[in-house]
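Below, each chain spelled out in residue letters.
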Amino acid sequence: MLAPAILLTLLAQAEASELGKWVSTHENLGGVRAVAAMPNADDAAVLNTETGVVQLGFAEKSPTLDLSYSLHQPRGLAIAPNGRIYVADTGRHRVMYFNSDGEMLGGFGGPGDGTFRMRNPHAIDVSDTIAVVTDTGHNRIQVFEPDGKHIRNLDGKTLGLRGPEGVAIDDAGHIWVADTHNHRVLCLDDHGQVLRAIGTWGTFPGQFMEPSGIDAGGGRVVVTDRLNHRVQVFDTDTGAPIESWGMHAVFPRQGEGKVHYPADAALLSGGDVVIAEPFEERVQRFGPGGKDIEPPTLAPRDVQSHFGPVAATDGRFFCTWEPELRAIHIFDLDRKTPVRLATFGEPGEAPGQLGNLTALEIDADRNRLWAVDAGNHRIHEWTLSPPPPEKPRFDPSIATLSRSAPLASAGPGDLGTTEDDLIYLDRTSARAWKLNDTGHHTPIDLPLSRDPAAAALAGIDAAGQRRAAILDASDKVIRLHGQWPGTASTEPTISLTDLIDPVDFAVAGDKSLIVVDRGGHQVHRFAINGTPLNTWGERGSDHGQFWRPAAVVVDHHDRVIVLDHGNHRAQMFQPDGTWLMTFGTGRAWTKRPTPPATETETD
Amino acid sequence: MRPAFPLLTACMLLSLGCSTGRPGIKQSATTEDGRYRVTWWKTPPRPIEANDYFELYVQVDDLKTNEEPHDFRFDATMPAHRHGMNTVANPYRLKRDAWSLHDLNLHMPGEWVMTFDVTDQNGVLHRASETVILE
């Protein structure tokens, strides 16, 4: 079901739009993340974050530059007025710049916490005189000369920035920041003085739900409003809303002007706007010369909620979250189809309110639920009072917040529990932290490589070593620590180099590893010694198909549950890939095809 | 009637509490993790009623350490309605382990959940809660 707030947004945006007329859609751009206006052409350049390739425009014979030789998981792109190409090289915490032939000219930044060091920079914009970078992991903006000489930091603490993802320089030289997890946009002078602040969390014009990309010029600033699935345009002088568009797709994959999780925007010299939609693997162009966007149809009955990209299971429980609502769902898996037991949470910074979750963990024996909240930089713990297994029922009050501790790490990632420990990973500094009962954080000796994206903890082995499997998303490898039965060597590794974007994995009952490949839209199963066992899925929306699957868990019946993020649903399989079920917050299907001959209400 | 001088009222409450036992209806709850016991005295000394202003005197006992609590916050929400009070609870710290709260008002009948959040010196928030049903 679409949230009522989103339906209101749909209706509000159904009015005619001048700027927001659909011009064109460019599809099959897997890995697209950033777009940038090209200074000498009425066209946009596109960055593929998975391949490190920059495409300079969409005209025929537009050149493509393979910059992967010096980039690692880049996220931001800008083309300077002199034609130089600047890339926020997020995975290596720096900015690299190139000439228009793709030859590297230099770079600046680098990992660390010092004055000009960076942590997960997300975006960059460049004028004739300055280059500004969102130093997202440090919650600050850095200002450089275009050749990389550091000028100053715009103090994130004074500004109160939280996870800024987008930045742009307008014609007057003012710096516009998409302050993503404060759900606002700031206009700063080049010394960091706030000239204007726009927005709060919400769906009305002038409000935002995770503003992500931003571009400015010609008296306008354009913002991609990610969780509102729209683009908003403001006057740079007054901050007044000029226009917004973004008719939300009611079916995944709807295009021709329908907008779905836009991540970045480029304002072209001719006035058109180009947006990147990583979720749909496409770029769309809008402008006055385009066509009116067809109004939305009513949502079909099988449309699900926006299942978030994190999940956890233990015992009879399965939980995930819904970013648009900032709410956590808990399901009971021990019925014929999953029964939703609770949905709780709301947006905000107060205790018990949720920012942006990067991990969930649940303990059925202790009736505890934990969430890593990167937006609020905290780890929350709830006590669960679930209904008896024989009488599952929806009860929004089954979760009671018991504790909320500040995170010790700067780049919070996955979360894991053993019988005694609650451990979370810091993806940026590649450290693991243990949170004890008194709320103290202790760094633990868990050997991590540079980007520990996901972890599975499996207790302590006979030698007293902590058994853990860690997925390094950068190196595309799962490293095993401690003694794992069935492995010949100590510290073996499982290579995932054939996968495009492995983001999560789970350990099945037979100790095989189930890995989701978000970019490849598939699930892969490996033996513990690294031998590939089976693969299933393909890009699509039918049962058994995936669209950017984001997480996987294995439940206590040894069923594999894949969070099919792009299709707003979860799917359940046997470890051999046999499809068992598709479910969401409202209903479940246990038989093909769609619509099924039988469908079962879960509430 | 809403008290005109909250600070004065707090001082009176404190002095009463020190001498003859605190006025009001006494209740207590333990934080979910067992770290703190929160005890509160409600005035006027009668059960909370819908849309009736009241005050709380709150004492926080650390059951595991002798650390001074860093902070204390109170709130009340209606989970079924997804909203809270129309008034803002501003705790006034009376001593290291006691606070007073004024101008509290549960303005609607129905189920309210009162939350008592104690933050320790590590910044960890510990929550105790109490459900109140108003008719």
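In this text, all values refer to a predicted model and were calculated from it rather than measured experimentally.

## Brief notes about the overall build of chain B
- Assigned secondary structure in chain B consists of one helix and nine strands.
- Helices (α) and strands (β) of chain B occur, in sequence order from the N terminus, as α-β-β-β-β-β-β-β-β-β.
- Within chain B, buried positions represent 44% of all 135 residues.
- Sequence-distant contacts, at least 24 apart, represent 56% of the contacts inside chain B between residues at least 6 apart.

## Concerning the overall build of chain A
- The secondary structure content of chain A amounts to two helices and 50 strands.
- Across the 603 residues in chain A, those meeting the buried criterion constitute 63%.
- Put simply, 46% of the contacts in chain A that link residues at least 6 apart link residues at least 24 apart.
- Surface accessibility of chain A: about 22100 Å² in total, with carbon and sulfur atoms responsible for 48%.

## Observations regarding the interface of chain A and chain B
- Taken together, the contact between chain A and chain B spans 16 residues of the former and 12 residues of the latter.
- Summed over both sides, the interface of chain A with chain B buries roughly 1200 Å², with 52% coming from carbon and sulfur.
- At the junction of chain A and chain B, the tally comes to zero salt bridges.
- Across the chain A-chain B interface, the total number found is four residue pairs in polar contact (both at pLDDT 80 or more).
- Elements with a contribution of two residues or more to the side of chain A that touches chain B: strand S31 (378–384) and strand S32 (399–406) of chain A.

## A closer look at unusual backbone geometry
- For the bond running from Thr43 of chain B to Pro44 of chain B, omega is -5°, close enough to zero to count as cis.
- Counting through the fold element by element, Pro44 of chain B comes out in the loop between strand S2 (36–43) and strand S3 (54–62).
- The backbone phi angle of Lys476 of chain A is positive, close to 55°, even though this residue is not glycine.

## Observations concerning the pairing of strand S18 (residues 211–217) of chain A
Residues and elements named next belong to chain A.
- Within S18, seven of the seven residues are buried, leaving the element largely enclosed by the surrounding structure.
- The pairing of S18 with strand S19 (residues 220–225) spans five bridges and is classified as antiparallel. Residue pairing in the sheet places Ala216 in a bridge with Val221 of S19.
- Taken together, S18 and the strand that follows it, S19, pair antiparallel across an intervening segment of two residues, in which Gly218 is found at a positive phi of about 60°.

## Let's talk about the sheet that holds strand S13 (residues 150–154) of chain A
Residue and element names in this part refer to chain A.
- Pairing within the open sheet is antiparallel, and its four strands lie in the order S10-S11-S12-S13. A strand with exactly one partner marks an edge of an open sheet, and here the two such strands are strand S10 (123–126) and S13. Ignoring which end each strand starts from, the neighbouring axes of this sheet average 20° apart.

## What about the pairing of strand S11 (residues 131–135) of chain A?
Residues and elements named next belong to chain A.
- Counting buried positions along S11 gives five out of five residues, so the element sits mostly inside the fold.
- Every second residue of S11 is oriented toward a common face, with Ala131, Val133 and Asp135 on one face and Val132 and Thr134 on the other, all of them buried.
- As judged from the four bridges shared by S10 and S11, these two strands associate in the antiparallel manner. Looking across to S11, one finds that Ala123 is bridged to Thr134.
- Where S11 meets strand S12 (residues 140–144), five bridges bridge the pair, whose relative direction is antiparallel. In the strand pairing of S12, Ala131 is matched with Phe144.
- Hairpin connection of S11 to S12: four residues between the antiparallel strands, including Asn139 at a positive phi of 55°.

## Let's talk about the environment of Thr487 of chain A
All names here are of chain A.
- Within the element layout of this structure, Thr487 appears in the loop between strand S39 (477–481) and strand S40 (493–495).
- Considered as a pair, Thr487 and Gly530 are 43 residues apart in the sequence and their alpha carbons are 8.9 Å apart.
- Excluding residues that lie within four positions of it along the chain, Thr487 makes contacts with Leu480, Pro492 and Ile528.

## Focus on the pattern of salt bridges
All names here are of chain A.
- The full count for this structure, using the stated rule, is 37 salt bridges over all chains.
- Ionic pairing is found between Asp292 and Lys21, a salt bridge with its closest N-O pair at 3.7 Å. Here the residue Asp292 occupies a position in the loop between strand S24 (282–286) and strand S25 (311–314), and Lys21 occupies one in the loop between helix H1 (4–12) and strand S1 (22–26), the gap between them amounting to 271 residues.
- Assessed through its relative accessible area of 52%, Asp292 is described here as exposed.
- For Lys21, a relative accessible area of 18% gives the class buried.
- Between Asp89 and Arg94 there is a salt bridge, with the nearest N and O atoms lying 2.8 Å from each other.

## Some remarks on the packing of aromatic side chains
Residue and element names in this part refer to chain A.
- Within this structure, the stated rule accounts for 19 aromatic pairs over all chains.
- Geometrically, the ring pair formed by Tyr69 and Phe98 is edge-to-face, given 6.3 Å between the ring centres and 80° between the ring planes. Highlighted residues: Tyr69 in the loop between strand S5 (64–66) and strand S6 (76–79) and Phe98 in strand S8 (residues 94–98), separated in sequence by 29 residues.
- Relative accessible area serves as the criterion here: at 49%, Tyr69 is assigned to the partly exposed category.
- Take Phe98: its relative accessible area is 0%, and that puts it in the buried class.
- Ring centres of Phe318 and Phe331 lie 6.0 Å apart, and the angle between their planes is 45°; this geometry places the pair in the tilted category. Within this pair, whereas Phe318 is found in strand S26 (residues 317–322), its partner Phe331 is found in strand S27 (residues 327–332), the two being separated by 13 residues in sequence.

## Overview of the nonpolar core
- In this structure, Leu56, Phe72, Phe74 and Phe116 of chain B are the most contacted members of the largest nonpolar core, which totals 26 residues.
- When contributions to this core are tallied by element, the ones reaching two or more residues are S2, S3, strand S4 (71–78), strand S7 (98–104), strand S8 (110–119) and strand S9 (125–134) of chain B.
- Beyond its immediate stretch of four places on either side in the chain, Leu56 of chain B contacts Trp40, Trp41, Lys42, Phe74, Trp99, Ser100, Leu101, Leu104 and Phe116 of chain B.
- Formed by 24 residues, the second largest nonpolar core is a distinct cluster that contains Ile328, Leu341, Ala342 and Leu401 of chain A.

## Regarding the sheet that holds strand S17 (residues 194–198) of chain A
Residues and elements named next belong to chain A.
- In space, the four strands of this open sheet follow the order S14-S15-S16-S17, with antiparallel pairing throughout. For this open sheet the edge positions go to strand S14 (166–169) and S17, each flanked by a neighbour on one side alone. Within this sheet the neighbouring strands show an average axis-to-axis angle of 15°, counted without direction.
- Sheet analysis places strand S15 (residues 175–179) next to strand S16 (residues 184–188), joined by five bridges and oriented antiparallel. Each residue of the ladder has a partner; that of Ala178, found in S16, is Val185.

## A short note on the environment of His229 of chain A
Residue and element names in this part refer to chain A.
- Tracing the backbone shows His229 in the loop between S19 and strand S20 (230–235).
- By relative accessible area, which is 0% here, His229 ends up buried.
- One polar contact links the side chain of His229 to the main-chain amide nitrogen of Tyr261, over a distance of 3.0 Å.

## A word on the side chain of Asp517 of chain A
Residue and element names in this part refer to chain A.
- Inspection of the secondary structure assignment puts Asp517 in strand S42 (residues 513–517).
- No salt bridge is formed by the buried Asp517; its nearest oppositely charged neighbour, Lys476, is found at 7.0 Å.
- At a separation of 3.1 Å, a polar atom in the side chain of Asp517 contacts the main-chain amide nitrogen of Gly520.
- Among residues more than four places away in sequence, those in contact with Asp517 are Leu499, Ile500, Asp501, Pro502, Gln522, His524 and Pro549.

Definitions and limits used
- Residues numbered from 1 in each chain as written.
- Chains lettered and ligands numbered in written order.
- Predicted model: local features only at pLDDT ≥ 70, side-chain atom pairs only at ≥ 80, totals over all residues.
- Heavy atoms only, no water.
- Helix = DSSP H or I, 4+ residues; strand = E, 2+ residues; numbered from the N terminus.
- Buried < 20%, exposed > 50% of the residue type's maximum accessible area, 1.4 Å probe, protein only.
- Contact = heavy atoms within 4.5 Å.
- Areas by Shrake-Rupley, 256 points an atom, 1.4 Å probe, with all protein chains shown as cover.
- Buried area = accessible area lost by both parts, 1.4 Å probe.
- Salt bridge = Lys/Arg side-chain N within 4 Å of Asp/Glu carboxyl O.
- Polar contact = N/O pair within 3.5 Å; in protein donor to acceptor, adjacent residues only side chain to side chain.
- Pairing = 2+ DSSP bridges.
- Axes fitted to C-alpha atoms, helices over the stretch in contact; angles between N-to-C directions.
- Phe/Tyr/Trp six-rings, centres within 6.5 Å; stacked < 30°, edge-to-face > 60°.
- Core = buried A, V, L, I, M, F, W, Y, C linked by side-chain atoms within 4.5 Å.
- Lys, Arg positive; Asp, Glu negative; His and termini not counted.

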